[in-house]
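As a plain string of letters, each chain reads:
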Amino acid sequence: QHSLGIKAGGGLSRVTNTVNPSNATWKVGVGPSAQGGLFYRWQITPKSSLGTEILFRQIEGRERFEFEIWDIDLTPIGVGIGNLSKHISYLTVPITYGIKLGKIDLITGFQFSYELASSAGDKGKTESSGPEYSWDYTYDELNIDRYDFGPQIGVIYALNQQWSLEGTFYHGLNNIIGNDAPSQTWMVQQ
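Let me begin by describing the structure that accompanies this report.

On to the overall build of the protein, then. When helices and strands are tallied, the protein shows zero helices and nine strands. Ordered by position from the N terminus, the helices and strands of the protein form the series β-β-β-β-β-β-β-β-β. Relative to its length of 190 residues, the protein is extended, with a C-alpha radius of gyration of 21 Å against a globular reference of 16 Å. Expressed as lengths along the three principal axes of its C-alpha atoms, the size of the protein is roughly 75 × 30 × 25 Å.

Given below as structure tokens:
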């Protein structure tokens, strides 16, 4: 049996970051994500299937950082607080194998993604006894690798012959930050 259809969904994503500055705290958070496209599933046997998809996938990453501000004598006089948001659009092709257990399919597979566009925003301010500053930068393109790949696992629940609900988890294996970028590791999770 062959199934072909349209897929759309939302969820959460993040871009992990290993930055560890000595004078700052850095927290990586999650952001909303979305995907949509086409799927194909081939029921090989009554209990197993192979599937693939062609998806547009939007990844959102959020980071918050705080750093100390010192005067010329290296006396702390305040803090800077900033928020960084990353936006990455991918064309994604997962290939999965599924095991059917009643109305539930347990799936596992591998996903390949190609970056279509990326951008970021960096917004923050300082709070100090000295002059106060604020910033609001937009970056039209991130210095990242065009490719991302990694494993995907999930569960599909069949509501009926036409509709199903799906929950998946993806963890990229590729450090997507560019080779000429600072020494950090960025990995996509969704």
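Turning our attention to the pattern of salt bridges. Summed over all chains, the structure comprises eight salt bridges. Glu115 is the partner of Arg146 in a salt bridge, and the nearest nitrogen-oxygen pair spans 3.1 Å. Note that Arg146 is positioned in the loop between strand E6 (134–139) and strand E7 (147–158) and Glu115 in strand E5 (residues 104–128), a separation of 31 residues in sequence. You can call Arg146 partly exposed: its relative accessible area is 34%.

A separate point is the pairing of strand E1 (residues 2–17). Where E1 meets strand E2 (residues 24–45), 12 bridges bridge the pair, whose relative direction is antiparallel. Among the inter-strand pairings, Lys7 is bridged to a residue of E2, identified as Gly37. Two successive antiparallel strands, E1 and E2, enclose a turn made up of six residues. Pairing of E1 with strand E9 (residues 186–189), which is carried by four bridges, proceeds in the antiparallel orientation.

What follows is about the packing of aromatic side chains. Evaluated as defined, the whole model comprises seven aromatic pairs. Aromatic pair Trp26 and Phe65: ring centres 4.7 Å apart, planes at 15°, arrangement stacked. Separated by 39 residues along the polypeptide, Trp26 in strand E2 and Phe65 in strand E3 (residues 48–70) bring together distant segments of the chain. The exposure class assigned to Trp26 is partly exposed, which follows from its relative accessible area of 28%. Summarising the aromatic geometry, the rings of Phe65 and Phe67 are spaced 6.4 Å apart at their centres and angled 20° between planes, so their arrangement reads as stacked. Under the relative-accessibility criterion, Phe65 is labelled buried at 8%. We classify Phe67 as partly exposed; its relative accessible area is 23%. Put simply, the rings of Trp26, Phe65, Phe67 and Trp135 pair up and form one aromatic cluster. A cation over a ring is seen here: Lys86 above Trp186, with NZ or CZ 3.4 Å from the ring centre.

Calculation notes
- Residues numbered from 1 in each chain as written.
- Predicted model: local features only at pLDDT ≥ 70, side-chain atom pairs only at ≥ 80, totals over all residues.
- Heavy atoms only, no water.
- Helix = DSSP H or I, 4+ residues; strand = E, 2+ residues; numbered from the N terminus.
- Rg over C-alpha atoms; globule rule 2.2 N^0.38 Å.
- Salt bridge = Lys/Arg side-chain N within 4 Å of Asp/Glu carboxyl O.
- Buried < 20%, exposed > 50% of the residue type's maximum accessible area, 1.4 Å probe, protein only.
- Pairing = 2+ DSSP bridges.
- Phe/Tyr/Trp six-rings, centres within 6.5 Å; stacked < 30°, edge-to-face > 60°.
- Lys NZ or Arg CZ within 6 Å of the ring centre and 35° of its normal.

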